[in-house]
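Each chain, written out:
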Amino acid sequence: MYKQRDEYTAAREIIDLYYDTPDSADIIESLSCICFSLARTFEQDGKRTIWDDMFDYFDQDYMAIEKKLERPNRQIIDDLYREVINHIH
């Protein structure tokens, strides 16, 4: 139980960092790499985890910034943040 709560707490901190630096391609690229590694670490028999969803969002956002394309819908990360918070409390 505590392990999962700690995992969600880490996810919250990562999203908070994103919220603090939403236009930094370097930070977003790092967050993408971290989430990719955590997705592999916490893989659950092929089922998607919060880390997969966070990786997808950060990776898309990084690519959009780098290529000057439309960025992904911010509501996606906001929804993930709410999901994370609900698991912590």
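A brief look at the structure comes next.

Cut-offs applied
Residues numbered from 1 in each chain as written. Predicted model: local features only at pLDDT ≥ 70, side-chain atom pairs only at ≥ 80, totals over all residues. Heavy atoms only, no water. Salt bridge = Lys/Arg side-chain N within 4 Å of Asp/Glu carboxyl O. Buried < 20%, exposed > 50% of the residue type's maximum accessible area, 1.4 Å probe, protein only. Helix = DSSP H or I, 4+ residues; strand = E, 2+ residues; numbered from the N terminus. Expected span 1.5 Å × (residues − 1). Arc of directions from axis to C-beta. Phe/Tyr/Trp six-rings, centres within 6.5 Å; stacked < 30°, edge-to-face > 60°. Lys NZ or Arg CZ within 6 Å of the ring centre and 35° of its normal.

1. Some words on the pattern of salt bridges
Opposite charge on two side chains makes pairing possible when the charged atoms of those side chains draw close. This model, assessed by the stated rule, comprises 10 salt bridges. Residues Arg5 and Asp6 are paired through a salt bridge, measuring 3.5 Å at the closest nitrogen-oxygen approach. Note on Arg5: relative accessible area 33%, which makes it partly exposed. Overall, the relative accessible area of 42% leaves Asp6 in the partly exposed class.

2. What about helix H2 (residues 25-41)?
Over its 17 residues, H2 extends 24 Å from the first C-alpha to the last, a length consistent with the 24 Å expected when each residue adds 1.5 Å. Restricting attention to buried positions, one finds in H2 the residues Ala25, Ile28, Leu31, Ser32, Cys35 and Ala39. The arc that holds the buried residues of H2, viewed along the axis, is 120°, so those residues lie on one side. Facing away from the buried surface of H2 by more than 90 degrees, the exposed residues are Asp26 and Thr41.

3. Some details on the packing of aromatic side chains
The tally for this structure, following the rule as stated, stands at seven aromatic pairs. Joined through ring pairs, the aromatic side chains of Tyr18, Tyr19, Tyr57, Phe58 and Tyr81 make up one cluster. The residue whose ring lies beneath Arg40 is Phe36, and the NZ or CZ to ring-centre distance is 5.0 Å.

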